Amino acid sequence: MRVAIIGAGITGLYLAWQLSKKGEQVFVFEKRDKIGKEVCSGLLSQRIFDFIPKSRGLIENEIKEIFINFPKKRVKIIFGKKFFVIDHFQLDNLVANLARKTGAKIVLNQPIGEIPQNFDRVIGCDGADSSIRKELKLSQPQFFLGIQGFIQKNNSSQSVETWPTDDGFIWRIPREKKIEYGIMEKLDRANKIFDDFLKKENIVLEDRKAALIPQTTRPLIPKKSIITLCGDSTGLTKPWSGGGVVWSLISANLLLRNFPDFIKYRKEVNKFFLPKIIISKIIKKIVYFSGKNLNWLLPKEVKIDGDFLF
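Residue positions are given per chain, counting from 1 as you read along its sequence in written order. In view of the model being predicted, local features appear only for residues whose pLDDT reaches at least 70, and side-chain atom pairs are presented and counted only at 80 or more, with totals across whole chains, interfaces and linings using the full set of residues. Side-chain figures throughout are based on the complete set of non-hydrogen atoms in the structure, without hydrogens or water.

S.K.: I keep staring at the overall build of the protein chain and nothing clicks. Help me out?
M.R.: Helix and strand assignments follow DSSP, with helices taken as H or I runs no shorter than four residues and strands as E runs no shorter than two, numbered in order from the N terminus. For the protein chain, the count of helices and strands is 7 helices and 14 strands. In terms of overall dimensions, the protein chain is globule-like: its C-alpha atoms have a radius of gyration of 19 Å, near the 19 Å expected for 310 residues. For the C-alpha atoms alone, the extent of the protein chain along its principal axes is close to 60 × 35 × 35 Å. Exposure is judged per residue with a 1.4 Å probe applied to protein chains only, and the accessible area is read against the type maximum: over 50% gives exposed, under 20% gives buried, and values in between give partly exposed. Buried residues in the protein chain amount to 55% of all 310 residues. Only the C-alpha atoms count toward the radius of gyration. The rule for a globule is 2.2 Å times the residue count to the power 0.38.

Here is the structure:
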C-alpha cells in the first residue's frame, strides 16, 4: 500500500520504519527542515528498548526515584521499571535512519494543510496542534504548556525533584553534565508560576524553550477507514506527567497490529487507554488534594510502574 504519514516525530518515524519493514510503500511528510524534537525531557522507562533497542546507546542518566515536594510533605516515588534520561532529538534521528534503511521516504520542508490524495492510507502524526485533526473537524484536546531550560552543572544524581503546582508540576532532572528545570501547567499561568519559582530559587536558565502538551479523556481518533491519527495528535499523554512517548508507541503498535483496519485500531486504542486515562485523572486529583490539604493521608514512599498508575 502507498501510505502517507504526516509528521516526522517519534510516532510517525516509528510507524514508517515498521510499515516499511512489512513491505508497505511509506512517505513521511515533515513541515520542518530537520528531524528531532527539541523540547522534551526524554525521561523514558525501559519499555522504550522494547520498541527501539538501539536507543540504549543514547542513555544520559538512569533515574531511580522521584521526590514529590508538597508544601508540608515529601513523598518518594520508586519506579517498578527503570527510567532513563534520553536525548529526544537524537532518538528521533536514530529512528529516522532506521526508517530510511527499510525504504521509507522522508520529505522535509513539506507542510501539509489538507489531507493528501492518491494514497491508500493516511496517518496523521503531526503533533499536539495537528492540522490533520483540524481538517477532520475533531474536537480539540486540552492544552498544557511545557517549558524547559538548563543550567550547566555536573550532576550525577539519580533522583528527580518535583513540585506540584495548581494543575501540573515543576521538575528538576539531572542530565549528567547539566541540570534541567521545567514546568507543565495550563497555558494561561505556566510562565508566571515558573518565573516565580526560578526567582525564589535564584535560578537563571539557558536555552529556554516551550511546547504544547495535549491531554484528553478519550483518544481523538476518527471513525474512518482510510485516514487515522496516532501519537500526540490524538491527545494521548499521561495525565499525571504529560509524557507521551511510550503511550504513543504502544498506540502505534496497536495500529501496526490492525493495519490496514483503522476502525479496529480505534476500538483497541479506546479499550486499552480509556480506563487508564479516566482512573489516572481521578488518582491525580486525589493525590494533589491530599498533598495540599490532608498530607497525612499520603505515604512517605510508594512504588509505581511509571508508565501506568494501575
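Once you've had a look at it, read on.
S.K.: Honestly, a nonpolar patch on the surface in this entry has me stumped. Any pointers?
M.R.: Patches in this entry comprise residues that are over 30% relatively accessible and not in a salt bridge; like charges within 9 Å are linked, as are nonpolar side chains (Val, Leu, Ile, Met, Phe, Trp, Tyr) within 5 Å. Each accessible area is a Shrake-Rupley result for a 1.4 Å probe, and residues are judged covered by the shown protein chains and nothing else. We define a salt bridge as a side-chain nitrogen of Lys or Arg found within 4 Å of a carboxyl oxygen belonging to Asp or Glu. Together, I278, I279, I282, I286 and F310 make up a nonpolar patch on the protein surface, roughly 450 Å² of accessible area in all. Within the secondary structure layout, I278 lies in helix α7 (residues 262–293). Take I278: its relative accessible area is 37%, and that puts it in the partly exposed class.

S.K.: Quick question: what am I supposed to make of the pairing of strand β2 (residues 25–29) here?
M.R.: The side chains of a regular strand alternate between the sheet's two faces. The buried fraction of β2 is high, at 4 of 5 residues. The pairing of strand β1 (residues 2–6) with β2 spans 5 bridges and is classified as parallel. Paired with V3 across the bridge in β2 is V26. By convention, orient the strands away from the viewer: a clockwise path from the first strand over the helix to the second makes the crossover right-handed. Once you follow β1 into helix α1 (residues 10–21) and on to β2, the crossover reads as right-handed. Following DSSP output, two strands are said to pair if at least two bridges run between them. Summarising the sheet, β2 and strand β6 (residues 105–107) pair through 3 bridges and their orientation is parallel. Its bridge partner being in β6, V28 is matched across the sheet by I106.

S.K.: Just checking my understanding: could you explain the nonpolar core for this structure?
M.R.: Each nonpolar core is a collection of buried residues, namely Ala, Val, Leu, Ile, Met, Phe, Trp, Tyr and Cys, held together in the definition by side-chain atoms within 4.5 Å. Counting 51 residues, the largest nonpolar core has I5, Y14, L15, I48, I52 and I123 as its most contacted members. For this core, the elements supplying multiple residues, two or more each, are β1, α1, β2, α2 (48–51), β5 (74–86), α3 (88–101), α6 (245–258) and α7. Counting residues per element, this core draws most heavily on α6, which supplies 9 residues. Whether two residues are in contact is decided by their heavy atoms, any of which lying within 4.5 Å being enough. Once residues within four sequence positions are removed from consideration, I48 is found in contact with S55, I86, L91, V245 and L249. Listed in part, the 18 residues of the second largest apolar core include V75, I77, M184 and L298.

S.K.: Please explain the packing of aromatic side chains as it appears in this structure.
M.R.: Between two aromatic rings, the relevant description is the distance of the centres plus the angle of the planes. What counts as a ring pair is set by centres within 6.5 Å for rings of Phe, Tyr and Trp (its six-membered ring), and what kind of pair is set by the plane angle: stacked under 30 degrees, edge-to-face over 60, tilted for all other angles. Applying the stated criterion across every chain, the model contains 15 aromatic pairs. Consider the rings of Y14 and F51, whose centres lie 5.9 Å apart with planes at 80 degrees: the pair is edge-to-face. Linking Y14 in helix α1 with F51 in helix α2, this pair joins segments that are 37 residues apart in sequence. Assessed through its relative accessible area of 9%, F51 is described here as buried. Aromatic rings pair up to connect W240, W247, F272, F273 and F308 into one cluster. It is R74 that lies over the ring of F67; its NZ or CZ is 3.9 Å from the centre. Counting as a charge over the ring demands two things of the Lys NZ or Arg CZ atom: a distance within 6 Å of the ring centre and an angle within 35 degrees of the ring normal.

S.K.: When you look at α6 in this model, what are you seeing that I'm missing?
M.R.: Every α-helical turn comprises 3.6 residues, leaving residues that sit three or four positions apart pointing alike. Its 14 residues give α6 an end-to-end C-alpha distance of 20 Å, which sits within 8% of 20 Å, the value for a rise of 1.5 Å per residue. Of all the 14 residues making up α6, 12 are buried; the element is thus mostly covered by neighbouring parts of the structure. Of the positions making up α6, those classed as buried are V245, V246, W247, S248, L249, I250, S251, A252, L254, L255, L256 and N258. How far a helix is expected to stretch is found by multiplying one less than its residue total by 1.5 Å.

S.K.: Looking at this structure, how should I read the packing of α1 against α6?
M.R.: Two measures define how a pair of helices packs: the angle their axes make with one another and the distance between the axes. Lines fitted to the C-alpha atoms define the axes, with helices restricted to the stretch that makes contact. Angles between their N-to-C directions range from 0 to 180 degrees. It is at 10 Å that the axes of α1 and α6 come closest, and there the two elements cross at 30 degrees. Every pair of crossing elements has a handedness; the one defined by α1 and α6 is right-handed. In contact with I10, T11, Y14, L15, Q18 and L19 of α1, α6 contributes S248, L249, A252, N253, L255 and L256. Asp, Glu, Lys and Arg are counted as charged, while Ala, Val, Leu, Ile, Met, Phe, Trp, Tyr, Cys and Pro are counted as nonpolar; the rest, among them Gly, fall into the polar class. Split by residue class, the contact of α1 with α6 holds 8 nonpolar, 4 polar and no charged. When the near helix sits turned anticlockwise from the far one by under a right angle, the crossing is termed left-handed; a clockwise turn instead gives a right-handed crossing.

S.K.: Would you explain the pattern of salt bridges in this entry?
M.R.: Pairing is possible between side chains that carry opposite charge, provided their charged atoms lie close to one another. Tallied over the full model, the rule gives 20 salt bridges. Of the charged contacts in the structure, one is a salt bridge between D305 and R47, with a shortest N-O distance of 2.8 Å. Taken together, the residues D305 in the segment after β14 (301–304) and R47 in the loop between β3 (43–45) and α2 connect sequence positions 258 residues apart. The exposure class of R47 is buried, given its relative accessible area of 16%. The shortest N-O distance in the salt bridge between E161 and R74 comes to 2.9 Å. With E161 in strand β9 (residues 159–164) and R74 in strand β5, this residue pair connects regions lying 87 residues apart in the sequence. In this structure R74 comes out as partly exposed when scored by relative accessible area, which is 40%. When salt bridges with common partners are traced through the structure, they connect D166, D167, E185, K186 and R189 into a single cluster.

S.K.: I tried to follow unusual backbone geometry on my own but got confused; where do I start?
M.R.: Backbone geometry follows two general trends: most residues other than glycine have a negative phi, and most peptide bonds adopt the trans configuration. Of the consecutive residues F259 and P260, the connecting peptide bond is found in the cis state with omega at 10 degrees. By secondary structure assignment, the location of P260 is in the loop between α6 and α7. Here the phi dihedral of E176 falls at roughly 75 degrees; this positive angle occurs in a residue that is not glycine. With respect to the element layout, E176 can be found in the loop between β10 (169–174) and β11 (179–186). Owing to a relative accessible area of 45%, E176 belongs among the partly exposed residues under this scheme. With phi around 55 degrees, N202 is a residue other than glycine that occupies positive phi space. Here N202 is to be found in the loop between α5 (190–200) and β12 (206–215).

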